[in-house]
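Breakdown of the fold
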Amino acid sequence: MKSALDQAEAVQGAAAAAVRLTPRRGRLLREMAKRYDLYLMLLLPIGWYLLFQYGPLYGLQIAFKNFSPAKGILASEWVGLDNFHRFFDSYYFNRLLWNTFTINLFSMLVAFPIPIALALICNEIPSRKFGKWLQNITFIPHFMSVVVIVGILNVFLSPETGPINALIEALGGQPIRFLEDASWFKPIFIGSNIWQNMGWQSIIYIAALSGVNPQLYEAAKMDGASRLRRVWHVSLPGIVPVIVIMLILDIGHFMDIGFEKILLMQNNLNIEASDVISTFVYTTGIQKGEYSYTAAIGLFNSVINLILLLLVNRFARKVSETSLW
Amino acid sequence: MSKQAAASKPSDERWFDAIVYILAALVMAAVLYPLIFVISASFSDPAKVLGGEVWLLPKNVSMAAYQNILHNRDIWNGYLNTIIYAAIGTAINMIMTILAAYPLSRPDLPGRKLIMVVITLTMFFSGGLIPTYLLVKNLGMVNTLWALIVPGAIATYNLIVMRTYFQTSIPWELQEAAHMDGCSNWRMLWNIILPLSKPILAVMVLFYAVGHWNSFFNALIYIRDESKYPLQIVLREILMISQSDAVDANVGLESKVLLAESIKYAVIIVSSLPMLILYPFVQRHFVKGVMIGSIKG
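Residues numbered from 1 in each chain as written. Chains lettered and ligands numbered in written order. Predicted model: local features only at pLDDT ≥ 70, side-chain atom pairs only at ≥ 80, totals over all residues.

Chain A is annotated in an unreviewed UniProt entry as Sugar ABC transporter permease from Cohnella zeiphila. UniProt annotates chain A under Subcellular location (unreviewed entry) with the comment "Cell membrane". Per UniProt, chain A has the following entry under Sequence similarities (unreviewed entry): "Belongs to the binding-protein-dependent transport system permease family." (UniProt positions renumbered as here; feature names shortened; annotations may be inferred.)

Right, dumping it as structure tokens:
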């Protein structure tokens, strides 16, 4: 049971501590000791973060070592940047970098604006009920697993039994082996991503649109702006901050979109277009056991992501005064 | 909108409406068509499916594929494993996320800013696949269900969403009042915070459970025994590594190929069934989750 004094102080102290930490060390320690049970709650999660998030960061040093499982991380000898040099000089370096960049760049150019367009359509539909249907239906594929999505691609695009090729043949064309053709890999990968995720990604824009001040629409209407102009000059500017945030977050993961799906879609016939850094790390690192080498490649990947994130965030802050931090 | 109102609209407004409706209908058709195709094919006579005759509605309705799945032990074993992994995994996810989110939502906790920075940093930079794999291996978790559960015990994004909810939806005055009455922090969490946070808890359970249900990569790298395979790995073998072993051995070779092909459609349906059944009931919770997340995201 707490003393009456403690309780009285808790009331005052709680609000005050929220704003400023006391300069005096003794007071701070007392504040902390009083809330020891909150730290107790944090014990397990923080332990988890240290072990499973920061532990791998510690293990990342094998990127600069010649790691052998027998010796362990610490005892393996340092090799400097050898692993990186080996990667940069390898014949597949250009291919991996090119595929990783183009898949993600095209994803961004094509797939990023579509949820925004969908949200605008949803917002402009006069019938609310129809709009709800549109939302609910476009969400469905989001909840399916990558395995199921790639399975659907397999049967849907099949040269023998799929309806797409049936249509091509009915129109007098030759069936196309979509999934075994390097030139079709990227369009199919990106197209099916759009199919799966556009509804889900549009939610956030729909929410943002509902927050746009209705008076702005009225004013624009008074000024004789057409519906299309109202969308362009009122709706779109109203959600720019959200768009910028989503763009920054996307670019922060620029190098690792859709790794599992690429892995599932990959085969010997389309490897020319589907070999990306993350799948290479998996096949070479985990399947072949070249840990140090692929840890270095993974680090290279993460560093590029981080640099892109920082650059874009900085750029966004300058241009639109919206940023992550 | 009434008919008169629609008629009184200027013609460019009506054109605009028409175009919006057409675009919306096209999007809906494009999303639904592949799903309808798979459902129809799964209920069709395998010979018709293989002949490429099914394109919208089932031809010669047949349950052969489903009957075959009924006898496939791998699928049911995978189903059972996935249910176990998802149940234990989600429980651990929830405990860990709540234990982290509640203290960090307290404005009076010294050091919470620092802890938040430590946590948020992991969203932008991580050790990557190989060091994580080696860690899990060194901890002796390979080929156990812990490898599927423990490394992903907390999703930082979910943690931040839950913390935001605790901060914004539960009045701080309420907690202060409870403190004055001598309520401990554990009791506060259990008796006040959690009962008041049911919506966000439901959303988080759904997010985590769907994640477990759909995940396949961790099992791919960590699980060696076939008897421990989750559903998604079994699915991958049937769908992608097309093999006729999945089919009952009592039929001839030709019908074996037929069934191996048609079983694919039914397997897609069966494995997505729990989600599809739950979907109408839970989808607005999902939407709510994204909305809450977007407040401070």
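On we go from here.
Below, the discussion takes up the overall build of chain B. If you tally the helices and strands in chain B, you get 15 helices and zero strands. Counting only residues that meet the buried cut, chain B has 37% of its 297 residues in that class. Of the contacts formed within chain B by residues at least 6 apart in sequence, a portion of 69% connects residues at least 24 apart. (Helix = DSSP H or I, 4+ residues; strand = E, 2+ residues; numbered from the N terminus. Buried ≥ 20, exposed ≤ 12 C-beta atoms within 10 Å, placed from the backbone. Contact = placed C-beta atoms within 7 Å.)

A word on the UniProt feature "transmembrane region" (unreviewed entry) in chain A. Residue and element names in this part refer to chain A. Here the UniProt feature "transmembrane region" (unreviewed entry) sits at residues 36-55, 96-121, 133-157, 194-213, 234-255 and 291-312. From the first C-alpha to the last, residues 36-55 spans 26 Å; its make-up is 100% helix and 0% strand. Secondary structure across residues 194-213 comprises 85% helix and 0% strand; the distance between its end C-alpha atoms is 30 Å.

This part covers the packing of helix 9 (residues 146-156) of chain A against helix 14 (residues 231-239) of chain B. Two packed helices can be described by the angle between their axes and the distance between those axes. Viewed as axis vectors pointing N to C, helix 9 of chain A and helix 14 of chain B meet at an angle of 15°, and their least axial separation amounts to 10 Å. Classified by the angle between their axes, helix 9 of chain A and helix 14 of chain B sit roughly parallel to one another. Handedness of the helix 9 of chain A/helix 14 of chain B crossing: left-handed. Residues V147, V148, G151 and N154 of chain A of helix 9 of chain A form the contact with helix 14 of chain B, whose own contacting residues are Q232, L235, R236 and L239 of chain B. Of the residues contributing to the contact of helix 9 of chain A with helix 14 of chain B, the split by class is four nonpolar, three polar and one charged. (Axes fitted to C-alpha atoms, helices over the stretch in contact; angles between N-to-C directions. Parallel < 35°, antiparallel > 145°, perpendicular 65-115°, else oblique. Left-handed = near helix turned anticlockwise from the far one by under 90°. Nonpolar A, V, L, I, M, F, W, Y, C, P; charged D, E, K, R; others polar.)

This brings us to helix 6 (residues 93-111) of chain A. All names here are of chain A. Here helix 6 contains 19 residues, and its C-alpha end-to-end distance of 26 Å stays within 8% of the 27 Å for a straight helix at 1.5 Å per residue. Every buried residue of helix 6 is listed here: L96, N99, T100, I103, N104 and A111. With its buried residues spanning 105° around the axis, helix 6 presents them on a single face. With respect to the buried face of helix 6, the exposed residues turned more than 90 degrees away are N94, L105 and L109. Packed against the buried residues of helix 6 are helix 7 (113-124), helix 11 (182-210), helix 16 (271-274) and helix 17 (277-287). (Expected span 1.5 Å × (residues − 1). Arc of directions from axis to C-beta.)

What follows deals with the confidence of the model for chain A. When pLDDT is averaged across chain A, the result is 87; 91% of the residues are at 70 or more. Note that residues 1-13 of chain A has pLDDT below 50 and, in this model, eight contacts with residues that lie over four places away or in other chains. (pLDDT = per-residue confidence, 0-100.)

Further remarks concern the packing of helix 6 of chain A against helix 11 of chain A. Residues and elements named next belong to chain A. Between helix 6 and helix 11, the least distance of the axes is 10 Å, while the angle of their chain directions is 45°. By the angle between their directions, the pair helix 6 and helix 11 is classed as oblique. Considering the relative orientation of helix 6 and helix 11, their crossing is right-handed. Between helix 6 and helix 11, the contacting residues are T102, I103, F106, S107, V110 and A111 on the first element and K186, F189, I190, N193 and I194 on the second. For the contact of helix 6 with helix 11, the class distribution of residues is seven nonpolar, three polar and one charged.

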